[in-house]
Amino acid sequence: MAKQEIKQEQVLNVEEAVSRSEAFINKNKKTIIAAVSAIIVVIAACMLVSTYYIKPREQKAAEALFAGERYFQNGNYEAALNGDQDYAGFEAVVDEFGNTKAGKLAKAYAGISMAKLGRYEEAIPMLKAFKGGDIMVAPSVLATLGNCYAHTGDTSKAIDLLLDAANDANNEVVTPFCLRDVAAMYEQQGKTAEAVELYERIKKEFP
């Protein structure tokens, strides 16, 4: 008997909960419909923005960047940076598409191009503006930034950035050259032991 009463009570509790839920829905039907409609509108708007604005901009930015990359790879940093009659230049790509993936990469290219042209003070803010996690690009940008600080007289900051770049990259393309540059700066500061330590590391890790 006791079990039957408990089951009946449970059924009554469930029925009461359902009844209350129905009453709540009926009472707040307009509010619920409005909220659901708003969510649908937001989702639809996001999809439209992605399809008709973000993706086309990404495509245009990538196309603009491609022309500059060819100049950059050929060592024509002036044309890569400032463009020609058919191509606007990395700086223009940054200005127009800076918030796209290609636009962010253009900041790295622009900063490195400026550094290659000896425009170190201009290169620094461009390189600092680059945000990216690519295991090759990010350390290279950091290394270039370090060298820019070295050329503008901030040796302490240059050393810190170059050591960070060397450790972040941990490859033969970036690391030994960063360590070599830091070792040279240590020599200029009279820190012979620290310089020798880095030269030995280069010989051991990157023979």
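Since the structure is predicted, the reported quantities are computational estimates derived from the model, not experimental observations. (Residues numbered from 1 in each chain as written. Predicted model: local features only at pLDDT ≥ 70, side-chain atom pairs only at ≥ 80, totals over all residues. Heavy atoms only, no water.)

Colleague: Where do I start with unusual backbone geometry in this structure?
Modeller: Both trends apply: most residues other than glycine have a negative phi, and most peptide bonds are in trans. We note that Asn-170 has phi near 50°; this positive angle belongs to a residue other than glycine. Along the chain, Asn-170 turns up in the loop between α8 (155–169) and α9 (175–188). Judged by relative accessible area, Asn-170 falls into the exposed class, the value being 56%. (Helix = DSSP H or I, 4+ residues; strand = E, 2+ residues; numbered from the N terminus. Buried < 20%, exposed > 50% of the residue type's maximum accessible area, 1.4 Å probe, protein only.)

Colleague: Please explain the packing of aromatic side chains as it appears in this structure.
Modeller: All chains considered together, the criterion is met by six aromatic pairs. Summarising the aromatic geometry, the rings of Tyr-71 and Tyr-87 are spaced 6.0 Å apart at their centres and angled 35° between planes, so their arrangement reads as tilted. Of this pair, Tyr-71 sits in helix α2 (residues 29–73) while Tyr-87 sits in the loop between α3 (77–82) and α4 (90–97), placing them 16 residues apart in sequence. Members of the aromatic cluster, joined through ring pairs, are Tyr-71, Phe-72, Tyr-77, Tyr-87, Phe-90 and Tyr-109. (Phe/Tyr/Trp six-rings, centres within 6.5 Å; stacked < 30°, edge-to-face > 60°.)

Colleague: Is there a simple way to think about a nonpolar patch on the surface in this case?
Modeller: Nonpolar side chains collect at one region of the surface, where Ile-135, Met-136 and Val-173 lie side by side and expose about 300 Å² of accessible area between them. Here Met-136 lies in the loop between α6 (120–129) and α7 (137–151). (Patch = residues over 30% accessible without salt bridge, like charges linked within 9 Å, V, L, I, M, F, W, Y side chains within 5 Å. Areas by Shrake-Rupley, 256 points an atom, 1.4 Å probe, with all protein chains shown as cover. Salt bridge = Lys/Arg side-chain N within 4 Å of Asp/Glu carboxyl O.)

Colleague: How do you make sense of the packing of α4 against helix α5 (residues 101–116) when you look at a structure like this?
Modeller: The description of two helices packed together rests on the angle between their axes and the distance between the axes. At their nearest, the axes of α4 and α5 sit 8 Å apart, and the two run at 150° to each other. Judged by the inter-axis angle, α4 sits roughly antiparallel to α5. As for how α4 packs across α5, the hand of that crossing is left-handed. Taken together, the residues of α5 that come into contact with α4 (itself represented by Phe-90, Glu-91, Val-93, Val-94 and Phe-97) are Gly-103, Ala-106, Lys-107, Tyr-109, Ala-110, Ser-113 and Met-114. Along the lines of polarity and charge, the residues of the contact of α4 with α5 split into eight nonpolar, two polar and two charged. (Axes fitted to C-alpha atoms, helices over the stretch in contact; angles between N-to-C directions. Parallel < 35°, antiparallel > 145°, perpendicular 65-115°, else oblique. Left-handed = near helix turned anticlockwise from the far one by under 90°. Contact = heavy atoms within 4.5 Å. Nonpolar A, V, L, I, M, F, W, Y, C, P; charged D, E, K, R; others polar.)

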